[in-house]
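Survey of secondary and tertiary structure
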Amino acid sequence: MIRTSSAIAFGAFLISVCASGAGAADLYGSYAGSVKDRYVPRPVERAASSIYLRVDGGYGAHDDPVMVEDGVYDLINEEMDGAWSLGGGVGYYFTPSIRGDVTVERRFETDAQGALADNRTGIAGLRSFGVESTLVMFNMYYDIDNRSRFTPYIGAGLGYVHHETKDGTVQLSGGGTGTIAGTSTDDVAGSLMAGVSVALLDRVKLDVGYRFLYMGATTTGPLVVTPTGQQQPVRANDPTLEDLHAHEIKFGLRYDWH
């Protein structure tokens, strides 16, 4: 009887030990398994930046503008020199591939000229004056992620341009000179862009690209000329520059701020 009771007690002990081991395996899961099944915590990654700051410069070559005087007379030999620009802005990453920014840019003074060949007005000749512009643009970009330091992008922009024409001169074909008054006008601006971003540092990128920029139209103040042999000056309506656009090379730095 004693041996039978001892055997029963020892059997109950083994059953309880096995049950405890099974429960522990269920409780701790992969910790009770092989080394490869054990939990390994992932490294903490720095959150991606959502806001960036930018500063840009560039040079643009203008196509020959359309110039009209008095709304009737088409000028000939129209020319507009290239212009340097400088600006900056703030942007936001909406997704890893889509971002947008608002920029303010100053396009420095350049010279424009055109000649009136029709002498029915008696003031045919060359008109020359300066043009400066300030742009406020809302831009969107698509970054083509190729998992390298070089990220191509395409973009488009829409905004506002404030033109300032500077005082100019008139050289009359028949002799005599005159002046052109400066003034300011506003118009709609638009752009198409393509380029590449180069990662220089952890948060700093170099942007190099091309921009086609449309800047609407602008006008000068009135002409006041004195033809040779006349005592009294002649006043004429202002020349208008239409269909202003430029092909620009842009370069700048972008800083992922926050």
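Residues numbered from 1 in each chain as written. Predicted model: local features only at pLDDT ≥ 70, side-chain atom pairs only at ≥ 80, totals over all residues. Heavy atoms only, no water.

**Quick look at unusual backbone geometry**
Where the residue is not glycine, phi is negative for most of them; where a peptide bond is considered, it is trans in most cases. With a phi angle near 60 degrees, D70 is a residue other than glycine that sits in the positive phi range. For D70, a relative accessible area of 29% puts it in the partly exposed group. You will see that D243, though not glycine, has its phi angle at about 55 degrees, which is positive. For D243, the position within the fold is in the loop between β16 (239-242) and β17 (245-256). (Buried < 20%, exposed > 50% of the residue type's maximum accessible area, 1.4 Å probe, protein only. Helix = DSSP H or I, 4+ residues; strand = E, 2+ residues; numbered from the N terminus.)

**What about the sheet that holds β16?**
Sheet architecture is open: four strands sit in the order β3-β2-β16-β13, paired in antiparallel fashion. Edge positions in the open sheet fall to β3 (73-74) and β13 (218-219), since each of these has one partner strand only. Note: β13 against β16, two bridges, orientation antiparallel. When the bridges of β16 are listed, T219 appears paired with T240. (Pairing = 2+ DSSP bridges.)

**As for the nonpolar core**
Here is a general trend for soluble globular proteins: nonpolar side chains tend to be buried in one another's company. By size, the foremost hydrophobic cluster in this structure holds 24 residues, and its most contacted members are M80, A112, F129, L135, V170 and L241. Listing elements by their share of this core, those giving two or more residues are β6 (98-116), β7 (125-143), β9 (168-172) and β14 (223-227). In terms of residues, this core owes the most to one element, β7, which gives four residues. When neighbours within four sequence positions are excluded, M80 is seen to be in contact with H62, P65, T110, D111, A112, V131, L241 and L244. Counting five residues, the second largest nonpolar core, distinct from the first, contains Y52, Y93, Y153 and M193. (Core = buried A, V, L, I, M, F, W, Y, C linked by side-chain atoms within 4.5 Å. Contact = heavy atoms within 4.5 Å.)

**Re the environment of G122**
Its location among the elements puts G122 in the loop between β6 and β7. The spatial distance from the C-alpha of G122 to the C-alpha of S173 is 9.1 Å, given a sequence separation of 51 residues.

**With respect to the pairing of β6**
Bridge count between strand β4 (residues 76-80) and β6: three bridges; the pairing is antiparallel. Considered in β6, the bridge of E79 is made with Q113. Sheet topology note: the strand β5 (residues 83-93)/β6 ladder contains nine bridges and is antiparallel. Across the sheet, the residue bridging to G89 is T103, located in β6. Hairpin connection from β5 to β6: four residues lie between these consecutive antiparallel strands. Examined bridge by bridge, β6 and β7 share 17 bridges and lie antiparallel to one another. Looking at the pairing, G100 lines up with M140 of β7.

**Considerations on the environment of S49**
Topologically, S49 is positioned in the loop between α1 (2-28) and β1 (51-62). Each C-alpha atom, one on S49 and one on D256, is 5.9 Å from the other, the two residues being 207 residues apart in sequence. With residues near it in sequence (within four places) discarded, S49 still touches Y93, R203, D256 and H258.

**As for the confidence of the model for the protein chain**
For the protein chain, mean pLDDT is 84; residues scoring 70 or higher make up 81% of the total. Within the protein chain, no element has a lower average pLDDT than α1, which sits at 44, and none a higher one than β5, at 98. Considering only residues more than four positions removed or in separate chains, one finds that residues 17-35, a stretch of pLDDT under 50, has seven contacts. (pLDDT = per-residue confidence, 0-100.)

**Quick word on the packing of aromatic side chains**
Enumeration according to the criterion identifies four aromatic pairs in this entry. Ring centres of Y92 and F94 lie 5.1 Å apart, and the angle between their planes is 70 degrees; this geometry places the pair in the edge-to-face category. A cation sits over an aromatic face here: R99 above Y153, 5.4 Å from the ring centre. The ring of Y52 carries the charged tip of R254 above its face, separated from the ring centre by 5.4 Å. (Phe/Tyr/Trp six-rings, centres within 6.5 Å; stacked < 30°, edge-to-face > 60°. Lys NZ or Arg CZ within 6 Å of the ring centre and 35° of its normal.)

**Looking at the side chain of T219**
As for its placement among the helices and strands, T219 is situated in strand β13. We classify T219 as buried; its relative accessible area is 15%. A polar atom in the side chain of T219 sits 2.3 Å from the side chain of D238. Not counting the four nearest positions on each side in its chain, T219 is found in contact with T165, T183, T185, D238, P239 and T240. (Polar contact = N/O pair within 3.5 Å; in protein donor to acceptor, adjacent residues only side chain to side chain.)

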